[in-house]
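The residues making up each chain are set out below.
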Amino acid sequence: LPPDVVGAGFDFFLDVGCFHGLTPTQRHAMGAAVTAIATPDASLLLLAFKAGAAPRPLPRGADRPDIEAAFPDWVVTDAEPASTAGMPGPLRKAAPTFYRLSRR
C-alpha cells in the first residue's frame, strides 16, 4: 500500500479475511502500511478467526494481542462475535470476531 501508488488520507479500512492469514512479519508490514496512509481519525474494521481454532488449510487466525501488536498506533475499541449463520462447522468453531480499531 505505498502512498505513491494508492494515495493517502483514507479514513476507513475494511479487512474481511486477510490479516488472520498473514505471518507475523506480514502483519506488522500491513499495520505500518495502513497507518502510513490513514487519516488521524481513521477507523479499521477487521474480521479474524480465533488463533489456532481453524483447521488447515484455513488461516492461522489472530487474537486481539496479535492485532494490537501489528497496529501499535491504533486502539481496539470494540470486539464482537461475527454471525456464523450458514457457515460450515469448522468455520463456526473458529469463532470469527469483528475488531474495530481507531487511531490513537
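Whatever comes next refers back to the structure up there.
1. Topic: the pattern of salt bridges
Using the criterion set out here, one finds three salt bridges in the structure. Of the charged contacts, one joins Arg 27 and Asp 66 as a salt bridge, the two residues approaching to 3.8 Å between their closest N and O atoms. One end of the pair, Arg 27, is in helix H2 (residues 24-37); the other, Asp 66, is in helix H3 (residues 64-70), and 39 residues separate them in sequence. For Arg 27, a relative accessible area of 6% corresponds to the buried category. Between Arg 64 and Glu 68 there is a salt bridge whose closest N-O contact spans 3.0 Å. Here the residue Arg 64 and the residue Glu 68 both occupy positions in helix H3, the gap between them amounting to four residues, near one helical turn. For Glu 68, a relative accessible area of 36% translates into the label partly exposed.

2. Things to note about the packing of aromatic side chains
For the structure on display, the rule yields four aromatic pairs. On the basis of an interplanar angle of 85° and a centroid distance of 6.1 Å, the ring pair of Phe 71 and Trp 74 is categorised as edge-to-face. Each member of the pair, Phe 71 as well as Trp 74, is classed as buried. Ring pairs connect the aromatic residues Phe 10, Phe 13, Phe 19, Phe 71 and Trp 74, which therefore count as one cluster.

3. Notes on the pairing of strand E1 (residues 10-16)
Sheet analysis places E1 next to strand E2 (residues 38-48), joined by six bridges and oriented parallel. Pairing of Phe 12 across the sheet is with Ser 43, part of E2. Between the parallel pair E1 and E2, the chain is carried across by H2, and the sense of this crossover is right-handed.

Here is what the cut-offs are and how they apply
- Residues numbered from 1 in each chain as written.
- Predicted model: local features only at pLDDT ≥ 70, side-chain atom pairs only at ≥ 80, totals over all residues.
- Heavy atoms only, no water.
- Salt bridge = Lys/Arg side-chain N within 4 Å of Asp/Glu carboxyl O.
- Helix = DSSP H or I, 4+ residues; strand = E, 2+ residues; numbered from the N terminus.
- Buried < 20%, exposed > 50% of the residue type's maximum accessible area, 1.4 Å probe, protein only.
- Phe/Tyr/Trp six-rings, centres within 6.5 Å; stacked < 30°, edge-to-face > 60°.
- Pairing = 2+ DSSP bridges.
- Right-handed = clockwise from strand over helix to strand, strands pointing away.

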